[in-house]
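# Observations on the three-dimensional arrangement
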Amino acid sequence: MVNATGIAPDGDEAACRWAAVRHADDHIHIIATLVRDDGRRPRLHNEARRAQTECRRIEADYHLRRVPTGDGTAAKRPTSAERHKAKRQGKDHTSREELRETVRRAVAGATSEEEFFDRLAAAGVLIRKRVAPSGDLLGYKVASPDDRNREKEPVFYAGSTLAPDLSLPRIRQRWAGGDSSQSTETAPDQKGQAPASSGTAMARRRAASAVWQAVLVVDDGEDAQVAAQIAAAGEVLDALAKTSAAHTRAELREAAFAYERATRSHIQAERGHDRALRQAARDLVHSGPALGRGEDSATTAMAIDMLFFLVTAAAHWHAKKNHAQQAAAARQAAEHLRTAYRAAADIPLGALYLRGRHLPQPLRQRQAVYLRQAVPELAEQALAEPGWFALAATLADAEAAGHDPAGLLSEAAGRRELATADSVSEVLMWRLRRMTELPADATAMPQRATTAAPGNDSTARPAASRSDQPGRAR
């Protein structure tokens, strides 16, 4: 390491003096003077990058965990002093990290400086604005009220030191992409009537639609457009985490915290293409917190399901571009979304499962025929999953509402591959309920849509057992 950095090049007898100190079982500290024996200073230009390159070689030589190589777009890490301070205070994250999360939530869906700073103030952070003599706003700093230095003064961080994309000029670029201050209209169902649903549920349903369209862009779009969609997905995650119910809040916040690293790369985002996602984030924030039950819970599961695919698509795109850290961050966020999905989907999927079990056998067999026609290569897998009963109930609901189940399945399956899905039946079920504007909560459907005289295979169980309860895996 001292050779790689230029502190003590091999064979240089006049090099800097250094010592290695074993500080704990898992690491050492290298201490060095920065004056050589001949009185000159060592040549340390770009030593940090060379040290990291040497670390990657050490990891390979000793079969250690391979740390992804950075590209200079990551947020500045907390110092050891900040980490120790957070540990003393019993916090999981440092003040720098908590402030970064707070600022990102304030930015999500905001359309003006006034709204952004109002949100920061409402979050309880201290704000300092840097104003030019002309009166123009040049930048800002934020501090946590309980984070003080030795002089008992608040410790302020500039937006750019929290993350490169949180400087005021970079935030303004988001607003320059287009005005999303007006909320979109409630999407009507096939009969021209808005579905019976709360504003929170409708915001989640619209977010699911916007996220799905973004998935298609990430799959096939130009790099600048993809970068914009990936960055705006972070706003949707922040907004969903901010407004989530208690049983999904922790995992969604961890997903947003992890995904933050995936939102930045050296590919410049082309603003404007992210307008739908930013509008979705705004709708989520203004719709208020979810209640965690009924249609709110079901549409939350639907939105998380779509976000899972978008974040996974982002991970694949970053991996193709050799953005190792961003790909790893997106994969980590996907795992948190997987856990959040299970928590959100358990109850609505359980209700749909029982509705599917109640279907007369001939009706369920007809839905199976539609499935085999639409996705013959995955039909048997879907039919063997517990989620098949939820999908069968959804197909019956769609048919009762006047839709063509076979056509819907073909469209839902054809727009993106399903081979990597943990549960083909669940993915298709959420796509169909979103496409047809069916209530995500099974209890909101009229019973006539999916019930009839029971057949030999329609005996209902009191509840799905834990071994076959849907929602166990994403």
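A short tour of the structure in this document, coming up. (Residues numbered from 1 in each chain as written. Predicted model: local features only at pLDDT ≥ 70, side-chain atom pairs only at ≥ 80, totals over all residues. Heavy atoms only, no water.)

What follows covers the overall build of the protein. Counting its regular elements, the protein contains 18 helices and 5 strands. In the protein, which comprises 474 residues, the share counted as buried stands at 50%. Long-range contacts, defined here as pairs at least 24 residues apart, represent 70% of the contacts in the protein between residues at least 6 apart. Of the roughly 22,800 Å² that the protein leaves accessible, carbon and sulfur atoms contribute 50%. (Helix = DSSP H or I, 4+ residues; strand = E, 2+ residues; numbered from the N terminus. Buried < 20%, exposed > 50% of the residue type's maximum accessible area, 1.4 Å probe, protein only. Contact = heavy atoms within 4.5 Å. Areas by Shrake-Rupley, 256 points an atom, 1.4 Å probe, with all protein chains shown as cover.)

Looking now at a nonpolar patch on the surface. Taken together, the side chains of Met1, Trp18, Ile28, Ile30, Ile58, Tyr62 and Leu64 define a hydrophobic patch exposed on the protein surface, amounting to about 680 Å² of accessible area. Along the chain, Ile30 turns up in strand β2 (residues 27–32). Assessed through its relative accessible area of 39%, Ile30 is described here as partly exposed. (Patch = residues over 30% accessible without salt bridge, like charges linked within 9 Å, V, L, I, M, F, W, Y side chains within 5 Å. Salt bridge = Lys/Arg side-chain N within 4 Å of Asp/Glu carboxyl O.)

All right, on to helix α14 (residues 361–374) then. Look at α14: 20 Å from first C-alpha to last across 14 residues, which is about the 20 Å you get at 1.5 Å a residue. Those residues of α14 lying buried are Leu363, Arg364, Gln367, Ala368, Tyr370, Leu371 and Ala374. Summarising the axial view, the buried residues of α14 lie within an arc of 155°, below the 170-degree limit, and thus occupy one face. Facing away from the buried side of α14 by more than 90 degrees, the exposed set consists of Pro362 and Gln373. In this structure, the buried side of α14 is in contact with α13 (324–358), α15 (379–384), α16 (388–400), α17 (405–414) and α18 (424–435). (Expected span 1.5 Å × (residues − 1). Arc of directions from axis to C-beta.)

Time to look at the side chain of Arg174. By the secondary structure assignment, Arg174 is in helix α7 (residues 168–176). When its relative accessible area of 6% is taken as the criterion, Arg174 is described as buried. When residues no more than four places from it in sequence are discounted, the contact partners of Arg174 are Val107, Asp165, Leu166, Glu235, Arg271 and Arg278.

These results come straight from atomic positions and should not be treated as a statement about function.
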